[in-house]
Every structure is written in C-alpha cells, then in structure tokens.
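Single-letter residue listing:
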Amino acid sequence: MKGSWWALIALLLLASIALRSGFLFLLTVLLALIGAVVAVWSRYCLAGVSYRRHIAAARLFNGDETEMRIEIINAKPLPLPWLRIDDEMPDAVAIEPDHLHGSHLPTRRTMTTLLSLRWYERVTRRYTLKGVQRGAFAFGPADITAEDIFGFTSRKEELPAKQWLVVYPKFVALTDLGLPARHPFGDFKTPERLSEDPLRLMGARAYAPGDSYRHIHWKASARRSELQTKVFEPSATRPLAIFLNVNTFAHVWEGLDRPTQELAITTAASVAHYGWQNGYQIGLYANTVVQPGGDRIRIRPGSHPDQFQWVLDALAKSVDYGRWSLEAILHVEAHRLSYGATIVAVTPYVTDALLRTLYALRGRHHAVALITVGGPRPDNVPPGIVYYHVGPREVWNDLASLRLA
C-alpha cells in the first residue's frame, strides 16, 4: 500500500477528531482495516506458493511424446483470488493443449496460467510434449504474480529454475540415404590384426569414459595415482570414428543452410546407428560444441552400453556453427585412433585441404570414407577413399517423414 493511502487515513482521523464526526471516524477505521488487509496480503500472498514443472522424460526420440505436469500449490491459510504465472517455453517443442502466445525472446513462447487458489489447495494441469525438432530445449524461468483481494497491489517473483528436454536427431537406415546395406565403408584389410586382443597386452594409457572396468590396469594406476586402461594388440574388429562438419558453407559469414545441416546430422546419426547395430566401437568428433556446457564434441570410439546414446545426445545439443575446419579436427584426433580404425567424414562441402588429409589418413592403415550431403558432388576424390553423396538438400524433407531406423 502506498504512503499516500496512509496519509489520507491520517488526515481523515484528524478531521474526525476536529469535527467530532462519528461518520468520518468509522470511515477512517474502515480504510485503515482495508489498508492493513492489503498490506498483510501483499506481504504474504506468495508465501507458501510453489510452482513445479515435471517432465516425464528428459530425452525423446524424434516424433515421440511425453507428459509435462504442472503443479501450483498454495500451502497456507490465506487464499489467493488472482494468481498469474508466465512460464517461458521453447517454440520448437509441440505442446498440447496449446495455450501459448508470443514472447519477447526469439524462439520462445510464453505459457500464461490464470487461476485463483483457496487455502491449502493444489491445482494440477497436464500437457503433452512432442519432439518435432532436434535440439536441447530449456523450459523456464517462470514469473509468478499475485494481487490482493481488492486489486490495489501486486507482488511478483521470478522462479529461475529451468528444465531441459533433449530431442534426438532422426536416424534412418543407410539404404534410405542411398548407401549400400552391406559393407558400406568397403572391405578394408590390413596386414595386421585390428581389434584388441585381451590376451596380448601392449601397455597402458589414461582411463577414458567408455572404457571397460575389466581392462583397468591397477598396478599402473597405483604407480601414476590415476586410473589407467590396458592397451592390447589389435585383433579383428575396428573402431568406427565419425567426423562431422556442421557448417554448410566454407565461411561462417555466408550463413547457414538449415535443411543441409539437418541432413548432415541425420547422416552422422544413421552411420552411428549402423555401426552400433553391427558391433563397431563407435565414436563421434565434430567441429562444434554442445549447449549447455560449451564442451567440444569428442567421443572416443568405445563399446559402452550407453555409447550410442552419448552420440545422439551430443548431436542433439550441438550448436549451429562450427568453430574449426573439419581437417583441423582430423589432424588433432586421427593420430589418437587405434590402428586400422574406420574414419567416416560427413560434410556438406569439400575443400582440397580436407581431401589431402583424408588421403594421408588412408596411407596410415585407416579405412576412410567420405560422405558429402546437400551440395554438388566433388569430382576430385582421391583413389582409395570410399565416397558417397547424399542429396540434394531436398532429401531432408523426405527423411523427415520416415520412421526411425
């Protein structure tokens, strides 16, 4: 209640005393009671009020649905005649029933909830969320506003808590991309055995997520005071390392071709799914970072039960623009791959530097495959590199309607 209200009450009280008016005195008492009620209401209206947002599944496959439940609780004896909640929602997630309207933030919409709450009342509302677009989407923050019973004052608080929903990219069978169903990356052979033989120990290296606990080198870990993993001589199965370029043009200032980028990400996810289904140790490297967090996408090939989920998670959270060239990522990461690993480069465009890098890796006893998406087919792919083209960019519209692989 503003100070002018109490100043008016004080003047009326003085006037009632000076004029000895019972009516003015009763009016003064009534206004004082209204002011006291409004003051108490304004101070305690949001006390004991909670707003909770529950999302049943934190991760969705493309096209899947989950439930979002919203609970508003008034845990006090003071009722609330008017309560408004404005909750920020991502524009890229389909919400039913749709009671959302435009927001001052781009790619966001606001869900406004208006209601009144009795004392100790709980209100629950349910919505259906559908993942229609790849990404990591934040729900919240929310603003909660309450008014007193007379509508004189209001109180507003921000609930900063956020929840995230990750929608995985679509992945399809390789045949839907135009790749062969059997041996899509060639029948690569080396003069040596390729996968790790647990009976032939070569040494130890630093432990990395995805390594089997059975292969921890406890003696080496004790000597170096950090976990070490045994390194074995190669045997029969190769790792599959996928290198993804999220940029659709050679220069960032040229912009972004969204369908081509989504086609490249779907291609990388489909290759990872094929490798996972066929017993490869899959890994993913990309020239971009994930949000939230800002970590570079660098998942070493491994056979952890959650390996494919980690790959999908990284692809879902990847930001739109790459910070480095794909050949730079290959220079940094390829020499750390085990002998005979299969390297698959997925890119919307090809540079001479990238072709030279892939050809050099082919000479280091790696199977190398190049998949271009969207743009024109290069005509100078070196011999010995398995090459496919997925395109044109309109193919993404057809893939978007396909069922998951």
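Here's a quick rundown of the structure. (Residues numbered from 1 in each chain as written. Predicted model: local features only at pLDDT ≥ 70, side-chain atom pairs only at ≥ 80, totals over all residues. Heavy atoms only, no water.)

### Things to note about the overall build of the chain
- Looking only at helices and strands, the chain features 8 helices and 20 strands.
- In the chain, which comprises 405 residues, the proportion classed as buried is 46%.
- Across the chain, every contact between residues at least 6 apart in sequence was considered, and the portion connecting residues at least 24 apart equals 71%.
- Accessible area for the chain stands at about 20600 Å²; split by element, carbon and sulfur atoms hold 55% of it. (Helix = DSSP H or I, 4+ residues; strand = E, 2+ residues; numbered from the N terminus. Buried < 20%, exposed > 50% of the residue type's maximum accessible area, 1.4 Å probe, protein only. Contact = heavy atoms within 4.5 Å. Areas by Shrake-Rupley, 256 points an atom, 1.4 Å probe, with all protein chains shown as cover.)

### A word on a nonpolar patch on the surface
- Residues Leu13, Ile17, Phe25, Leu26, Val29 and Leu33 make up a contiguous nonpolar surface patch of about 560 Å² in total accessible area.
- Of all the secondary-structure elements, those providing two or more residues to the nonpolar patch are α1 (3–19) and α2 (22–44).
- Looking at the nonpolar patch, the element that brings in the most residues is α2, giving 4 residues.
- The topology assignment puts Leu26 in helix α2. (Patch = residues over 30% accessible without salt bridge, like charges linked within 9 Å, V, L, I, M, F, W, Y side chains within 5 Å. Salt bridge = Lys/Arg side-chain N within 4 Å of Asp/Glu carboxyl O.)

### Some details on the sheet that holds strand β12 (residues 163–167)
- Spatial strand order, β2-β12-β9: 3 strands in an open sheet with mixed pairing. Because the sheet does not close on itself, it has two edges, and the strands there are β2 (59–60) and β9 (135–139).
- Pairing of β2 with β12 involves 2 bridges; the strand directions are parallel. In the sheet register, Arg59 faces β12, and the bridge partner there is Val166. (Pairing = 2+ DSSP bridges.)

### Notes on the layout of surface pockets
- Its boundaries defined by the atoms lining it, the second largest pocket holds a volume of some 720 Å³.
- Secondary-structure elements contributing two or more residues to the lining of the second largest pocket are β4 (80–90), β9, α4 (258–277), α5 (307–317) and α8 (395–400).
- When residues of the lining of the second largest pocket are assigned to their parent elements, the largest contribution, 4 residues, is made by β9.
- Of the residues in the lining of the second largest pocket, the class split is 14 nonpolar, 8 polar and 10 charged. (1 Å grid on protein atoms, 1.4 Å probe; cavity = no way out; pocket = protein on both sides within 12 Å on 5 of 7 lines; lining within 4 Å. Points joined across faces, edges and corners; volume = space filled by probe spheres on them. Nonpolar A, V, L, I, M, F, W, Y, C, P; charged D, E, K, R; others polar.)

### Quick look at the sheet that holds strand β17 (residues 296–302)
- Strands sit in the order β17-β16-β15-β18-β19-β20 across an open sheet of 6 strands; the sheet is mixed. Strand pairing shows two members of the sheet lacking a second neighbour, β17 and β20 (386–390), which therefore form its edges. Looking at each pair of strands side by side, their axes are set apart by 15 degrees on average, direction ignored.
- In this sheet, strand β19 (residues 367–373) lies alongside strand β18 (residues 342–347) in parallel orientation, the contact comprising 6 bridges. Considered in β19, the bridge of Ala345 is made with Leu370.
- Across the face of the sheet, helix α7 (residues 352–362) comes into contact with β18 and β19 while running at roughly 155 degrees to β19. (Axes fitted to C-alpha atoms, helices over the stretch in contact; angles between N-to-C directions.)

### A short note on the pairing of β9
- In terms of burial, β9 is largely enclosed, as 4 of its 5 residues are buried.
- As judged from the 5 bridges shared by β9 and β12, these two strands associate in the antiparallel manner. Residue pairing across strands places Ala136 opposite Val166, the latter belonging to β12.

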